[in-house]
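Single-letter residue listing:
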Amino acid sequence: MALLELDDLTKRYGGIVAVDHVTMRIDAGEVRAVIGPNGAGKTSLFHLITGVVKATEGSVRFADQDVSALPAHVRCQRGMSRTFQLTSLFPEMSARDNTRLAAQAREGKRWLPLGGSGVFHGAAQRGDAALERLGLTHVADRPAGLLSHGDQRLLEVAMALAQQPRLLLLDEPTQGLSVEETAQAVEVLASLFASAGLTVLLVEHDMEVVFRLAHKITVLHRGSVIADGDPETVKADESVQNAYLGGFA
Ligand SMILES: Nc1ncnc2c1ncn2[C@@H]1O[C@H](COP(=O)(O)OP(=O)(O)O)[C@@H](O)[C@H]1O
Ligand SMILES: [Mg+2]
C-alpha cells in the first residue's frame, strides 16, 4: 500500500526550479533514500512533503488523503515526523526532555514548557522509548548541547521517532559527522530500520550511507528524478554515474 504519493510535485523560486515535476510513491514499510548532489533539490522536496513550503504545482497524498493544502503541524499530527538538516534541538535541555517535548508536540500540545509534572505520562514514555531505540539512554540526563555531534544527530532522530510517525523523514542524518561517527550512526539507524513498522524517507548525499540503509533509491538531479529503483539498479545506471561523475563506481 502506498503511504506517500507525490504527483508532479514542483517548486519554483523565481527562475530556479528547485523541484521539477517529481512523481514518486513510497509503500508502507519501505526505507527510501533520495540522493543527489548538492543543490539537486533534496531539502526542497522534503519541505514540500512536510508542508514547510508550498508547492508551485502538483500534489502530496499521505495515507490516502490529499494533504497538499495542509500546514506542516497538521501533517505532523497526521503522522509525518522529520528531522532538519540543521540542528533543531534545545541545547540547554536534557536529551530526555528534548524527546519528551517532541512526543508532546505530535499531540497538538505544541512545545509546552516542561514543569516537573508538566509532561504527559504517555509522552514521557514515548520519549524515553525513542531514546532507548537510538541507544541514548546513557546520556538521557545530559544537556543536549553537550552531547557528541554523533549523539546529537541521533537525538534528533529520537525526537522525530518519539512522535510515533507513520512516516519518518530524515534529512542528511550523518551530515557534519566524522567518518567514525558516521559509521556508528549508520549502524544504529540500520538496526532501527530493521525493526518492524517503520516507513522511512531518508535524504542523503553520502552514497555509502544510502547503500547501507535503503531498500529503494530515488536519484534527483537538478530537481528531476533521473533514476529510481533498488540499490543495485541505481548503482549501475549510466545517467546516475554521469550525474556523480563516476563518484561511486
Ligand atoms: N528559499 C529558496 N529561495 C531560492 N532558492 C532556493 C531556496 N531553497 C532552495 N533554493 C534553490 O533550490 C535548489 C535546490 O536546493 P536544495 O533543495 O537545498 O538542494 P539539496 O538539499 O539537494 O542540496 C538550489 O539551486 C537552491 O539554491
Ligand atoms: Mg539539503
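Residues numbered from 1 in each chain as written. Chains lettered and ligands numbered in written order. Predicted model: local features only at pLDDT ≥ 70, side-chain atom pairs only at ≥ 80, totals over all residues. Heavy atoms only, no water.

The next subject is the sheet that holds strand 6 (residues 80-82). As summarised here, the arrangement of the six strands in space is 6-7-8-3-9-10, forming an open sheet in which the pairing is mixed. Bordering the open sheet on either side are strand 6 and strand 10 (224-229), each of which pairs with just one other strand. Here the strands of the sheet are splayed against their neighbours by 20° on average, with no regard to which way each runs. Helix 1 (residues 42-50) rests against strand 3 (31-35), strand 6, strand 7 (167-171), strand 8 (200-204) and strand 9 (216-221) of the sheet, and its axis sits at about 150° to strand 7. (Pairing = 2+ DSSP bridges. Helix = DSSP H or I, 4+ residues; strand = E, 2+ residues; numbered from the N terminus. Axes fitted to C-alpha atoms, helices over the stretch in contact; angles between N-to-C directions. Contact = heavy atoms within 4.5 Å.)

Let us look at the pattern of salt bridges. According to the stated counting rule, one finds nine salt bridges in the structure shown. In this structure, Arg-25 and Asp-27 form a salt bridge, with 3.2 Å as the shortest nitrogen-oxygen distance. (Salt bridge = Lys/Arg side-chain N within 4 Å of Asp/Glu carboxyl O.)

On to the domain arrangement of the chain. Looking at the assigned domains, one finds that the chain contains domain 1 (1-79 + 165-249) and domain 2 (90-164). Once you take the C-alpha centre of each, domain 1 and domain 2 turn out to be 24 Å apart. Counting residues at the interface gives 21 residues for domain 1 and 15 residues for domain 2. Taking both sides of the interface into account, the surface hidden between domain 1 and domain 2 amounts to around 1,500 Å²; carbon and sulfur atoms contribute 64%. By the criterion of area lost to domain 2, the three top residues of domain 1 are Gln-77, Pro-165 and Leu-192, representing 31% of everything that side buries. Here domain 1 and domain 2 share zero salt bridges between them. Our count for the contact surface shared by domain 1 and domain 2 stands at three residue pairs in polar contact (both at pLDDT 80 or more). Mapped by element, the contributors of at least two residues to the side of domain 1 that touches domain 2 are helix 2 (72-78), strand 7 and helix 6 (179-194). If you tally residues by element for the side of domain 1 that touches domain 2, the top one is helix 6, at five residues. (Domains from an automatic or database assignment. Buried area = accessible area lost by both parts, 1.4 Å probe. Polar contact = N/O pair within 3.5 Å; in protein donor to acceptor, adjacent residues only side chain to side chain.)

Time to look at the sheet that holds strand 2 (residues 16-27). Taken in spatial order, the four strands line up as 2-1-4-5 in an open sheet, and their pairing is antiparallel. The open sheet has two free edges, formed respectively by strand 2 and strand 5 (65-66), since each of these has just one partner strand. Summarising the sheet, strand 4 (residues 57-62) and strand 5 pair through two bridges and their orientation is antiparallel. Residue Arg-61 lies in a different strand from strand 5, and its bridge partner there is Asp-66. Across the sheet, helix 1 lies against strand 1 (2-13), strand 2 and strand 4, angled at about 120° from strand 1, the strand it touches most.

The next subject is the packing of helix 5 (residues 149-161) against helix 6. Direction vectors running N to C along helix 5 and helix 6 enclose 20°, while the axes themselves pass 9 Å from each other. Considering the angle they form, helix 5 stands roughly parallel to helix 6. Regarding helix 5 and helix 6, the two cross each other, and that crossing is right-handed. Two secondary-structure elements touch here, helix 5 through His-149, Gly-150, Leu-154, Val-157 and Leu-161 and helix 6 through Glu-181, Ala-185, Val-188, Leu-189 and Leu-192. (Parallel < 35°, antiparallel > 145°, perpendicular 65-115°, else oblique. Left-handed = near helix turned anticlockwise from the far one by under 90°.)

A word on unusual backbone geometry. Non-glycine residue Gln-164 carries a positive phi angle of around 45°. Mapped onto the elements of the fold, Gln-164 is located in the loop between helix 5 and strand 7. Despite not being glycine, Glu-172 has its phi angle at roughly 45°, a positive value. Looking at the secondary structure, you find Glu-172 in the loop between strand 7 and helix 6.

Turning next to the pairing of strand 3. Counting buried positions over the five residues of strand 3 gives five, a clear majority of the element. Burial of strand 3 is two-sided: the residues Val-31, Ala-33 and Ile-35 facing one way and the residues Arg-32 and Val-34 facing the other way are all buried. Pairing of strand 3 with strand 8 involves five bridges; the strand directions are parallel. Residue pairing in the sheet places Arg-32 in a bridge with Leu-201 of strand 8. Bridge analysis of strand 3 against strand 9 gives four bridges, and the strand direction is parallel. Residue pairing for strand 9: Ile-35 is matched across the bridge by Val-219. (Buried < 20%, exposed > 50% of the residue type's maximum accessible area, 1.4 Å probe, protein only.)

Glancing now at the packing of aromatic side chains. Inspection of the entire model under this criterion finds zero aromatic pairs. Its end group placed over the ring of Tyr-13, Lys-11 keeps NZ or CZ at 5.2 Å from the ring centre. Geometry around Phe-211 places Lys-235 over its ring, the cationic atom sitting 4.6 Å from the centre. (Phe/Tyr/Trp six-rings, centres within 6.5 Å; stacked < 30°, edge-to-face > 60°. Lys NZ or Arg CZ within 6 Å of the ring centre and 35° of its normal.)

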